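Single-letter residue listing:
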Amino acid sequence: MDFELTDDHRMVRDTARDFARREIAPRAAELDKSETWPSGIVKQMAELGFLGMAIPTEFGGAGLDTFAYALVMEEISAACASCGVIMSVNNSLFCDPVYKFGTDAQKQEVLTPTASGITLGCFGLTEPMSGSDAQTMVTGATKVPGGWLLNGAKNWITNGPHADHIIVFAITDRSGSKVKHTAFLVQKGAAGFTQNARDHKLGIRAAHSCTVFFQDCFVADTAVVGNVGEGFKVAMATLDGGRIGIACQALGIARAALEAATAYAKERKSFGKPIAEHQAIQFMLADMATQLDAARLLTWRAAWMKDAHMRHSTESAQAKLYASEACTRIAHKALQIFGGYGYSTEYPVERHYRDARITEIYEGTSEIQRIVIAASLLRA
Ligand code: CAA
């Protein structure tokens, strides 16, 4: 077992760290406050190759791997969790399934511009009445000559208001005892494809999401991703990778909270000495650092397994479960160390505290991760 980063991984992490500290961190509070989509930063991330990190260069990607993606995701998210999830959705939830399951034509026409960041992608699985129980979606696609007619709605679509492409999941066969789903690529501007105004959220306020609607929206047969009837597996396999991205987002938020709390504890004095000299604060910092390291090790293992083409459903679920819950605890303690100032928008920890919360919810709640982990235990 080797815990050393390779020179390539160190280089990409340092590039991301430098970029995130210089270009993103100084703007993060304002982007959050004004709920502004960070278009300039998205463009810069594209130029750095961060929007299609593990996609081969022949399809517009950076030609790196999931491990490099994990390192960069942590750096970007430490500066701005909104920028982190924008990057994660494009990499994990859009480029990854199109690369893994798409046709050559889809890779040329859709993946190549999206992995290079010329266009942006999003992922449409969740529906107003089917979040955790994703199979029970109502969106359907009916076969017509040359393609399919899509009808339904998908909500909480991160990147939705700005994306050029969506990979969307719909029921295509209700005849058997189990419904069958199919994945489709739909382009913004397609007739019958609309969206509503963006959502307003507790955290990750600069990462816009919205509900999208399909009304007799025609998609050609050539837009099917993977095999007809196997879309649910495409969605689940995609989320195995996506959950690594969200675990990394949680690492970034948690690290930023820990760094802020450590620096503050050295400066702030009470009872005649810096609060860092009180054991009560030291114990909090020690627990936060230990949980962050444990979360990172789980996340890196899942990323390593994905790169080794090993099934990583359970390990991704464990990484996301632990990292997201640790992130919430770490942000909570960071705010406690700041005391009243932590509750103020003058300091960054209230943003970390709000941003942390979503990591336990999207791409499968903590309860869903436990279901995935328990299912693998009970199967064995
Ligand atoms: N890879 C490949 N195939 C998989 C799989 C995986 N990881 N997991 C399950 N499957 C297959 C199963 O083998 C099964 O195949 P068969 O029908 O051939 O037997 C099929 O998929 C159905 O599997 P289950 O019976 O396990 O499915 P289920 O209905 O019990 O649901 C679940 C399983 C884990 C609860 C799933 O519904 C789930 O993950 N729910 C959470 C949904 C979610 O994460 N949504 C996030 C939306 S995206 C988002 O949040 C984006 C954003 O904003 C950033």
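Look up: the structure comes first, before these words.
Reading guide: rules and limits
Residues numbered from 1 in each chain as written. Predicted model: local features only at pLDDT ≥ 70, side-chain atom pairs only at ≥ 80, totals over all residues. Heavy atoms only, no water. Disulfide = S-S within 2.5 Å. Buried < 20%, exposed > 50% of the residue type's maximum accessible area, 1.4 Å probe, protein only. Near = heavy atom within 4 Å. Polar contact = N/O pair within 3.5 Å; in protein donor to acceptor, adjacent residues only side chain to side chain. Areas by Shrake-Rupley, 256 points an atom, 1.4 Å probe, with all protein chains shown as cover. Helix = DSSP H or I, 4+ residues; strand = E, 2+ residues; numbered from the N terminus. Salt bridge = Lys/Arg side-chain N within 4 Å of Asp/Glu carboxyl O. Expected span 1.5 Å × (residues − 1). Contact = heavy atoms within 4.5 Å. Phe/Tyr/Trp six-rings, centres within 6.5 Å; stacked < 30°, edge-to-face > 60°. Lys NZ or Arg CZ within 6 Å of the ring centre and 35° of its normal.

(A) Local environment of the state of the cysteines. A full pass over the atoms with the stated rule returns zero disulfides. Residue C248 stays outside any disulfide, its sulfur separated by 12 Å from that of C327, the closest cysteine. Judged by its relative accessible area of 0%, C248 falls in the buried class.

(B) Looking closely at the site of the ligand. In the vicinity of the ligand lie 25 residues, with S132, Q135, T158, R243 and E363 positioned nearest. Residue K178 places a side-chain N or O atom 3.1 Å away from an oxygen atom belonging to the ligand. Residue D240 places a side-chain N or O atom 2.9 Å away from a nitrogen atom belonging to the ligand. Compared with its free state, where it exposes 1100 Å², the ligand has 71% of that area covered by protein. Residue assignment for the shell around the ligand shows that the elements contributing at least two residues are α4 (81–101), β3 (147–158), α6 (231–267) and α10 (366–379).

(C) Layout of the pattern of salt bridges. Per the stated rule, a full pass over the model turns up 23 salt bridges. Within the structure, one salt-bridge network assembled from shared partners comprises R17, E74, E75, R255, E259, D293 and R296.

(D) Just helix α7 (residues 279–307), in detail. The terminal C-alpha atoms of α7, which comprises 29 residues, lie 42 Å apart, in line with the 42 Å expected from a rise of 1.5 Å per residue. Positioned one or two residues after α7, H309 has a phi angle of 60 degrees, which is positive.

(E) Summary view of α10. Helix length check: α10, at 14 residues, gives a terminal C-alpha distance of 20 Å against a target of 20 Å (1.5 Å per residue), a fit within 8%. Where α10 is concerned, the buried positions are S366, I368, Q369, I373 and S376. Residues of α10 that are buried make contact with α6 and α8 (313–338).

(F) Summary view of the packing of aromatic side chains. Summed over all chains, the structure comprises ten aromatic pairs. Ring geometry for F59 and Y99: centres 6.1 Å apart, planes at 55 degrees, overall tilted. Placement of the pair is F59 in the loop between α2 (39–47) and α3 (66–79) and Y99 in helix α4, with a sequence separation of 40 residues. With relative accessibility at 31%, the residue Y99 sits in the partly exposed group. Clustering of aromatic rings is evident, with ring pairs tying together Y264, F338, Y341 and Y347. One Lys or Arg, R329, reaches over the ring of Y322 and ends 5.7 Å from the middle of that ring.

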